[in-house]
Amino acid sequence: MTIDADVIIEGGTIVDGTGAPGFAGSVVVVGDRLLVLRDGGSDDDPTDGGSPGVWARRRIDAHGLVVAPGFIDLHSHGGLVMLAEPLNEPKVRQGVTTELIGVDGNAYAPFPSRQDLLDYVVLNGGLDGRPDIAYDWATVAEYIGRYDRRTSVNVAYVVGNSPLRIASVGWDEVQADVAAMADQRSRLREALEEGAFGLSTGLDYPPGSYATTDELVELAAEAAGLGGIYHTHVRYPLGDGFLDPYREAIEIGRRSGAPVHITHFYHRPTFPGPPEVMLALVDDARAAGLDVTFDLYPYEWASTRLLIMLPNWIQAGGLGPLRERLADPKIRTRVREESGARGRLFAGDRSWDEVRLGYFARPENAGWEGRTLGEYLAETGLDPVDAICELLLTEDLRINQVTPGPHRAGIERFIRHPQAMIATDGVMIGEKPAPRTYGTYPRILGELVREERWLGLEAAVRKMTGASAARLGLDDRGVIADGSKADLVLFDPDRVRALATYDEPRRYPEGIPYVLVNGVPVVDGGEHTGATPGRTLRRGHPD
């Protein structure tokens, strides 16, 4: 028996994504599927014993390399940018083959009103960017269809609750009534039937953050009924601002029956308790029979839109009222008074010298790219509230910020947890994004696995691949097994490392010479091939 293959990868160590020990063998790619040949079998049976029975159009020598499933990014802010830059090099060149978009409640479908869609792109420009593309979709099916075979990675989608809320109750800070909830459930159900993998929330981001716990329970139950998950950026200011935000997320899962995935779960050094009590919430919930998991990124730098510094109420009503409030001296005074009572602005307690600004559009502001808010205050003489409001008005809300986030000791505790998975939370805009956008996976493989030994190699790969695929219900991705989809990354375990840093974040990693997506090489010899074989993955639909 001879196998007619497109690619055979020979001589490497296969780490299959299940957590099992690596083994010697070859991986055969036939079309977009895999066949695994373990070393040491009989040449008469090409499925168990070397590769003499394989004829392949391309042979890749993987001696000294690890062959692993392609990495699955469970939190991507690349959805819009990817439509303008389909090669997606910051992710592909670190081994990412699948991205989950629509996260943080900040999703771009369904939007029955095109004006609402355009307004939402402006509102969230400091996080997801504002590329010059045709915003000409309304439904989830139309939106996610834009990626199919037009990008270098596969795309999975979760429905943000913000577009659901905008379509049913508008942009105001009001409670959804019975009719509005029926409308939201209907739109969510349709989105899941069109292939969405669940519901996402970003409870620091209006108007989705205006939803009550009861509203979210009702939506999560709808998602769970169709096999979807509840993917949540929690309500950070809730209660004690420490454990209560996560208690709400777990309570939503308990009451709705939805699997809960807490995204960018990490410990800040300013929290009033240790990391262990946060992780105990997950352990206790699982011990009680709930399905709770989480992801994290391995860098000390967070990033989001500068608008998050201001209280949620300032955004009620949409763009018009928001712009009016930003310009209103009385509103600015109110923000100062609230900040004085809190001891800080709405989000975070870092110093102004730790808030790095980026993604400026106006030529007169270009010199502030990559500089800090502290520098801006010193040179302009403005107070923080005036400075933030003026910057947002001048740049039409699109400014991004990079700030301190997790601390190293906390990352170590979280990443070792059995339910931990990996995501970049990668922001694709600005000249100096947080380094996680370019370096998440190679930093884990190089620094945290090889040098620090926080994890074994097989365990780390599982957190990036098989565990993530299982969380989404992707039965044929995330593992190397006969019949699995041919999403693969080859890396040198002795050389792989991230080069991205806070000061130089746009640097590609070393030691990742090959990446295949659906059997097609997208990185070959360490360079992007220009191929765009990525597919839109739809829950419950074969691709």
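Throughout this description, residue numbers start from 1 for each chain and increase along the sequence as written. In keeping with the model being predicted, local features are shown solely for residues with a pLDDT of at least 70 and side-chain atom pairs are shown and tallied solely at 80 or more, while totals for entire chains, interfaces and linings include all residues. Side-chain descriptors were evaluated using all non-hydrogen atoms of the structure, hydrogens and water having been removed beforehand.

## A word on the sheet that holds strand β15 (residues 356-358)
Backbone hydrogen bonds hold the strands of a sheet together, and the pairing may be parallel or antiparallel. Inclusion rule: By the convention used here, strands pair only if DSSP detects at least 2 bridges between them. We count a stretch as a helix when DSSP gives it H or I for four or more residues in a row; a strand needs E for two or more, and each element gets its number in order from the N terminus. Axis lines are fitted to C-alpha atoms, over the contacting stretch for helices. Their N-to-C directions set the angle, which ranges from 0 to 180 degrees.
Pairing within the open sheet is antiparallel, and its three strands lie in the order β14-β16-β15. One side of each edge strand has no neighbouring strand; the edge strands of this open sheet are β14 (301-305) and β15. Sheet twist, expressed as the average angle between the axes of neighbouring strands with direction ignored, equals 25 degrees.

## Points about the pattern of salt bridges
As a reminder of what qualifies: The term salt bridge refers to a side-chain nitrogen of Lys or Arg lying within 4 Å of a carboxyl oxygen of Asp or Glu. Burial classes follow relative accessibility: with a 1.4 Å probe on protein chains only, a residue under 20% of its type's maximum area counts as buried, one over 50% as exposed, and anything between as partly exposed.
Applying the stated criterion across every chain, the model contains 49 salt bridges. Residue R165 is joined to E215 by a salt bridge in which the shortest nitrogen-to-oxygen separation is 3.0 Å. Placement of R165 in helix α6 (residues 161-169) and of E215 in helix α8 (residues 213-225) is noted, with a sequence separation of 50 residues between them. The pair R165 / E215 is uniform in exposure class, with both members buried.

## What to know about the layout of surface pockets
Note the threshold: The definitions used throughout rest on a 1 Å grid laid over the protein atoms alone, on which a cavity is an enclosed set of points accommodating a 1.4 Å probe that cannot get out and a pocket is an open set flanked by protein within 12 Å on both sides along at least five of seven lines; lining residues are those having an atom within 4 Å of a point. Grid points are joined across faces, edges and corners, and a volume is the space filled by probe spheres set on the points. Residues are grouped as follows: Ala, Val, Leu, Ile, Met, Phe, Trp, Tyr, Cys and Pro are nonpolar; Asp, Glu, Lys and Arg are charged; every other residue, Gly included, is polar.
Estimated volume of the second largest pocket: approximately 270 Å³. Lining the second largest pocket are 21 residues, with V81, E85, P90, M428 and R506 positioned closest to its centre. Contributing elements (two or more residues each) for the lining of the second largest pocket: α1 (79-84), α2 (89-92) and α16 (436-451). Across the lining of the second largest pocket, the residue classes break down as 13 nonpolar, four polar and four charged.

## Some thoughts on the packing of aromatic side chains
Quick note on the threshold: Aromatic rings from Phe, Tyr and Trp, with only the six-membered ring used for Trp, were paired whenever their centres fell within 6.5 Å, and each pair was classed as stacked if the ring planes differed by under 30 degrees, edge-to-face if by over 60, and tilted otherwise.
Summed over all chains, the structure comprises 18 aromatic pairs. Taking the centre distance of 5.8 Å and the plane angle of 65 degrees together, the rings of Y266 and Y297 count as edge-to-face. Placement of the pair is Y266 in the loop between β12 (260-262) and α10 (275-287) and Y297 in the loop between β13 (292-296) and β14, with a sequence separation of 31 residues. On the accessibility criterion, Y266 (12% relative accessible area) is buried. For Y297, a relative accessible area of 3% gives the class buried. When the ring of F294 is compared with that of F414, the centres are 6.0 Å apart and the planes differ by 75 degrees; the resulting orientation is edge-to-face. Of this pair, F294 sits in strand β13 while F414 sits in helix α15 (residues 408-415); the two residues are 120 residues apart in sequence, bridging distant segments of the chain. Both residues of the pair, F294 and F414, count as buried. Among the aromatic side chains, those forming a connected cluster through ring pairs are Y135, W137, Y143, Y147 and Y157.

## Here we look at helix α7 (residues 178-193)
This is how it is decided: Helix span, expected: 1.5 Å multiplied by one less than the number of residues in the helix. The directions considered for the arc are those from the helix axis to the C-beta atoms. Contact between two residues is taken to exist if any of their heavy atoms lie within 4.5 Å; hydrogens are not considered. Counted as a polar contact is a pair of N or O atoms within 3.5 Å, where, for protein atoms, one must be capable of donating a hydrogen and the other of accepting one, and residues adjacent in sequence contribute only when both atoms are in side chains.
In this model, α7 (16 residues) spans 23 Å end to end at C-alpha, consistent with the 22 Å of a helix rising 1.5 Å per residue. The complete set of buried residues in α7 reads A180, M181, Q184, L188, A191 and L192. Summarising the axial view, the buried residues of α7 lie within an arc of 105 degrees, below the 170-degree limit, and thus occupy one face. Those residues of α7 that are exposed and aimed more than 90 degrees away from the buried face are V178 and A179. Buried-residue contacts for α7 involve α5 (140-144), β9 (159-160), α6, β10 (198-202) and α8. One side-chain oxygen at the N-terminal end of α7 lies 3.2 Å from the backbone nitrogen of A179; it belongs to D177. A positive backbone phi angle near 120 degrees is found at G195, which sits one or two residues after α7.

## Structural notes on empty space enclosed by the protein
By the definition in use, this model includes two cavities of 30 Å³ or more. In this structure, the largest cavity spans a volume of roughly 70 Å³. Together, 14 residues line the largest cavity, and I101, G102, N106, Y108 and D128 are the ones closest to its centre. Grouping the amino acids of the lining of the largest cavity by side-chain chemistry returns seven nonpolar, six polar and one charged. Along its surface, the second largest cavity is lined by R356, L357, G358, E369, G370, N400, V402, I429, G430, E431, K432 and P433. Secondary structure elements with two or more residues in the lining of the second largest cavity: β15 and β16 (400-404). Per element, the largest residue contribution to the lining of the second largest cavity is three residues, and it comes from β15. Taken together, the residues that form the lining of the second largest cavity break down as four nonpolar, four polar and four charged.

Any link to function would need more than the numbers given here.
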